[in-house]
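# Coordinate analysis (summary)
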Amino acid sequence: KEAKQLGMSNFGPKGLRRIDSELRKRGVTFHSNQVQFSLLSRQPLFNGFAETCAELQIQPIAYSPLALGLLTDKYTINNLPKGPRAILFREFLPVMSPLLNTLREIAKNRKKTVSQVALNWNLKKGFLVLVGIRSIDQAKENAGAAGWSLSDAEELALDAAADKVSKSLLQNPNQSD
């Protein structure tokens, strides 16, 4: 059997165009492309990636949509994760207050968790989410991001709060242009 659709990862806008053109010559559809994307890694909204996906009808998929756990509201500067993530969290948590506060406010009003709101923001932007889970409880919580949608005002509030965060996660260095 021959593949008729392919999903890829880490192709930027120019790479999407090159690969899509080659695949079409072979009768294959470039179906999806996963890239790092979250409220702390929004480069795909600004570098032409999202527009190129829409134009070429390629489904964008966000990996690390909870920014390695920074957008779960489960950690504080006094309660850091174990291992190397603690260094990252120590750097980011102090500058994330506007974003976390907005996430908490929307979560409270929606009767959702902060994680669910952060994941739903990805969905609202047109990205499917690829979420790592370690337990049934995490799977259930993450599933709570589906079946509803942020209002336009909530989306804009999250965008504005993310704009106030003075740092952003580095994009995967393996991503093409």
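For the structure itself, look to the data block above.
My aim in this report is to walk through the structure given alongside it, one point at a time. What you are looking at is a predicted structure, and each value in this text was computed from that prediction instead of being measured.

Reading guide: rules and limits
- Residues numbered from 1 in each chain as written.
- Predicted model: local features only at pLDDT ≥ 70, side-chain atom pairs only at ≥ 80, totals over all residues.
- Heavy atoms only, no water.
- Helix = DSSP H or I, 4+ residues; strand = E, 2+ residues; numbered from the N terminus.
- Buried < 20%, exposed > 50% of the residue type's maximum accessible area, 1.4 Å probe, protein only.
- Contact = heavy atoms within 4.5 Å.
- Phe/Tyr/Trp six-rings, centres within 6.5 Å; stacked < 30°, edge-to-face > 60°.
- Axes fitted to C-alpha atoms, helices over the stretch in contact; angles between N-to-C directions.
- Parallel < 35°, antiparallel > 145°, perpendicular 65-115°, else oblique.
- Nonpolar A, V, L, I, M, F, W, Y, C, P; charged D, E, K, R; others polar.
- Left-handed = near helix turned anticlockwise from the far one by under 90°.
- Pairing = 2+ DSSP bridges.
- Right-handed = clockwise from strand over helix to strand, strands pointing away.

### Examining the side chain of Asn142
Inspection of the secondary structure puts Asn142 in helix H7 (residues 136–143). The class for Asn142 is buried, based on a relative accessible area of 15%. Excluding residues that lie within four positions of it along the chain, Asn142 makes contacts with Leu66, Leu119, Val131, Gly132 and Ile133.

### Observations concerning the packing of aromatic side chains
What the rule picks out here adds up to five aromatic pairs. Look at Phe11 and Phe30: their rings are 6.4 Å apart centre to centre, the planes differ by 85°, and that puts the pair in the edge-to-face class. With Phe11 in the loop between strand S1 (5–9) and helix H1 (13–25) and Phe30 in strand S2 (residues 29–36), this pair connects stretches of sequence that are 19 residues apart. With 5.1 Å between their ring centres and 20° between their planes, Phe37 and Trp121 make a pair best called stacked. Taken together, the residues Phe37 in the loop between S2 and helix H2 (43–46) and Trp121 in helix H6 (residues 114–124) connect sequence positions 84 residues apart. Residues Phe37 and Trp121 agree in their burial class; the two are buried.

### Examining the packing of helix H5 (residues 97–110) against H6
The interhelical angle for the contact between H5 and H6, taken along N-to-C directions, is 100°, at an axis separation of 8 Å. When the interaxial angle is binned, H5 and H6 end up roughly perpendicular. Between H5, through Leu103, Arg104, Ile106 and Ala107, and H6, the contact on the second element is made entirely by Val114, Val117 and Ala118. Residues that form the contact of H5 with H6 fall into these classes: six nonpolar, no polar and one charged.

### Comments concerning the environment of Lys4
You can see Lys4 is positioned in the segment before S1. Along the sequence, Lys4 and Leu103 sit 99 residues apart, while their C-alpha atoms lie 40 Å from each other. Ignoring anything within four residues of it in the chain, the contact list for Lys4 reads Gly27, Val28 and Thr29.

### Focus: unusual backbone geometry
Phi angles above zero are rare outside glycine, and Gln57 is one such case at about 60°. Inspection of the secondary structure puts Gln57 in the loop between helix H3 (49–56) and strand S3 (59–63).

### Quick look at the environment of Asn109
Within the fold, Asn109 resides in helix H5. Look at Asn109 and you get exposed, because its relative accessible area is 55%. Sequence separation between Asn109 and Ser9 is 100 residues; the distance between their C-alpha atoms is 35 Å.

### Here we look at the packing of H1 against H3
Think of two packed helices as two axes; the pair is described by the angle between the axes and how far apart they sit. In the contact formed by H1 and H3, the axes pass within 9 Å of each other and the chain directions differ by 20°. When the axis of H1 is compared with that of H3, the two are roughly parallel. Between H1 and H3 the crossing geometry is right-handed. Residues Pro13, Leu16, Arg17, Asp20 and Arg24 of H1 lie in contact with H3, whose contacting residues are Phe49, Thr52, Cys53, Glu55 and Leu56. Of the residues belonging to the contact of H1 with H3, the class tally is five nonpolar, one polar and four charged.

### Structural notes on the pairing of S2
Look at any regular strand and the pattern is simple: side chains alternate between the two faces of the sheet. Judged from the five bridges that link them, S1 and S2 form a sheet pairing that is parallel. Bridge pairing in S2 places Ser9 opposite Gln34. After leaving S1, the chain enters H1 and then returns to the sheet as S2, a path that is right-handed. Of the strand pairs in this sheet, S2 and S3 are connected by five bridges, and their pairing is parallel. Across the sheet, Val35 pairs through a bridge with Ala62, a residue of S3.

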